[in-house]
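Chain residues, written in single-letter form:
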Amino acid sequence: MWENFDLWKFLAGLGLFLYGMSQLENGVKELAGRRFKIFIKKHTKNKFKAILTGTLVTALLQSSSVVSLMLLAFVGAGVISMKNALGIILGSNLGTTFTGWLVATLGFKVDIENFIMPFIALGGLLAVLFPKRPQLFNIGILILGLAFLFLGLSFMKDSISYLAENFDISIFADYGPLVFLLVGFFFTGLIQSSSATMVITLSALNAGIIEFHAAAALVIGADLGTTITVLLGGFQGTVSKKRVALGHFLFNLVTDILAFLCMGMLILFITDILHIQDKLFGLVIFHSLFNLLGIIVFFPFLKQFADFLNNRFSSGEERIGKYIHDATVEDPEIALEALRKETGHLIQLVLNLWRMAFLQRENYISYPKNRNIFKPKESFKDHYYEIKQLHGEMINFYGDIQKQSLTEEESLKLSRSISATGNALYAAKDIKDIEIDLSNFRKSSNGTLNDLYSQFNDISHLMISRAEQFLQSTEESLFLEDLGKLMLDNQKNYDKMLEMVYDHSNRKHLEEEEIATVLNVNRELYSSCKSIILVLKDQKLNPEQAVQFESLPPFR
């Protein structure tokens, strides 16, 4: 019997299929990788959109692994929430069934070797003749990938058909569905491609080597086996990566257990309700149905599932950064987004430091997650050192990004981000240097010092309020105008305080040392405000607006 099985042709077909999948993936990534990232960012605002996006992108990319890598980067950078990331995972599982539909529709219905000849010719010529024209070259790679995928399918189908001619299917009669599920699981874990397992299963089903129930169990096993790659990669990575990997595994595990338990009912639904007689179409419908069932089961509980995952794992060390530690520098676009969001976090910490210096009520201090909430509130000094620690973490991250191959646009973004973090630290240092003076002004029995302190407090409160409004605003057309007004107001406040100090009626109530101290506080507060404005400039203005901003009067 086995002499009719062409093992080498089968293995060659499997190799060509996997190689075709990888080339197809590479071609699509190079042609539309950035557009897909932008698409994912824009279409994951809620969990329903996230599921649709995961389905569509995975179907187009023909690779859930590419989607998973993008997803890990986005979650790490804080671009999308864990809840919406889980939505993409759910959709991604449904999207992987597209391969089965493609194969069942074309792979067993046409003469593949004649069908793919034009594709090999066109793809090969484009890849060889236009290596220096990325668009044409990657189109060629994409076409070749599709051709190799179907050529591999043809080889596997032919090699199995030879075996089927003299194969006695009765030897599998004593094997229950659980055995086929385990075979699908381990085989998919070994070759790291559920699509390849699906094609082999369809080939065996088409040749009559296995029955429909066995094929269904193999597909369920393959669906679970595909999580092995994510688990191996995820649990060697960051906390965020581990959470996503665990979420992917648990979703597939629950979905596949449900599919196995309901397998008989699902098959009856396909054969008796939908009246599907074609075994190949029946199998791909089964594959899509049980993944859809998993989505229906998980959809109402995505928030709770996300909360559960967010409470799993810890970094093992106290770090102030919220975004940069889970972002990968190998993808500069995502790394820069993480750095930008971390800069926003740094600005908020600096504004909190201002509140502490002036004892303002809205003291929204950001504590590390692992800090005991019953411990006393941290001191001004502790908070300042947290800001310095975060700045150091961001500088290390900046250094790692700098080692990557960056475009001119990415280099400019990186330069502006590091300028913003430096100015944020200057703003914090200026406030730190006058914190004791402010405390002395508050405690002083000198009414003039109390009045001057009150003026400084009002300036600070207004600056914090306007800076936070600016950070939260999405009205880009007003950024340049509003920031310009903020800079001019800062200059006016500085001049106003100088006039108050130099006014004879105030000077006669102040000692010479007190006058010097007040002038120093005014200068440091002005400098701190200006540094915050410069951070906002790099954070919120585009490069053209930044140039216009720097031509405003306070800069001349």
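Residues numbered from 1 in each chain as written. Predicted model: local features only at pLDDT ≥ 70, side-chain atom pairs only at ≥ 80, totals over all residues. Heavy atoms only, no water.

## Details of the packing of helix α4 (residues 82-95) against helix α14 (residues 279-298)
Where α4 meets α14, the axes come as close as 9 Å, and the angle between the chain directions of the two elements is 170 degrees. Between α4 and α14, the crossing angle belongs to the class labelled roughly antiparallel. Remark: the crossing between α4 and α14 carries left-handed chirality. Of the residues in α14, those touching α4 at L90, N93 and L94 are S288, N291, L292, I295 and F298. The class makeup of the residues in the contact of α4 with α14 is five nonpolar, three polar and no charged. (Axes fitted to C-alpha atoms, helices over the stretch in contact; angles between N-to-C directions. Helix = DSSP H or I, 4+ residues; strand = E, 2+ residues; numbered from the N terminus. Parallel < 35°, antiparallel > 145°, perpendicular 65-115°, else oblique. Left-handed = near helix turned anticlockwise from the far one by under 90°. Contact = heavy atoms within 4.5 Å. Nonpolar A, V, L, I, M, F, W, Y, C, P; charged D, E, K, R; others polar.)

## Some points on helix α15 (residues 302-310)
The α-helix advances 3.6 residues per turn, and as a result positions three or four apart in sequence lie on the same side. Buried residues of α15: L302, F305, A306 and L309, and no others. Angular distribution of buried residues about the axis of α15 spans 100 degrees; they occupy a single face of the element. (Buried < 20%, exposed > 50% of the residue type's maximum accessible area, 1.4 Å probe, protein only. Arc of directions from axis to C-beta.)

## Side note on the confidence of the model for the protein chain
In low-pLDDT segments, the atomic positions of the prediction should not be examined closely. Averaged over all residues, the pLDDT of the protein chain is 77; the fraction at 70 or higher stands at 76%. Within the protein chain, helix α3 (residues 64-76) has the poorest average pLDDT of any element, 62, and helix α22 (residues 512-540) the best, 89. Low pLDDT, under 50, characterises residues 363-376; the predicted model gives this stretch 22 contacts beyond four residues in sequence or across chains. (pLDDT = per-residue confidence, 0-100.)

## Considering unusual backbone geometry
The backbone of H275 shows a phi angle near 55 degrees, a positive value even though the residue is not glycine. When you line up the elements, H275 lands in the loop between α13 (263-273) and α14.

## Focus on the pattern of salt bridges
A side chain with one charge may pair with a side chain of the opposite charge, provided their charged atoms come close. This model, assessed by the stated rule, comprises 11 salt bridges. In this structure, R416 and D538 form a salt bridge, with 3.5 Å as the shortest nitrogen-oxygen distance. Placement of R416 in helix α18 (residues 408-443) and of D538 in helix α22 is noted, with a sequence separation of 122 residues between them. With a relative accessible area of 13%, R416 lands in the buried category. (Salt bridge = Lys/Arg side-chain N within 4 Å of Asp/Glu carboxyl O.)

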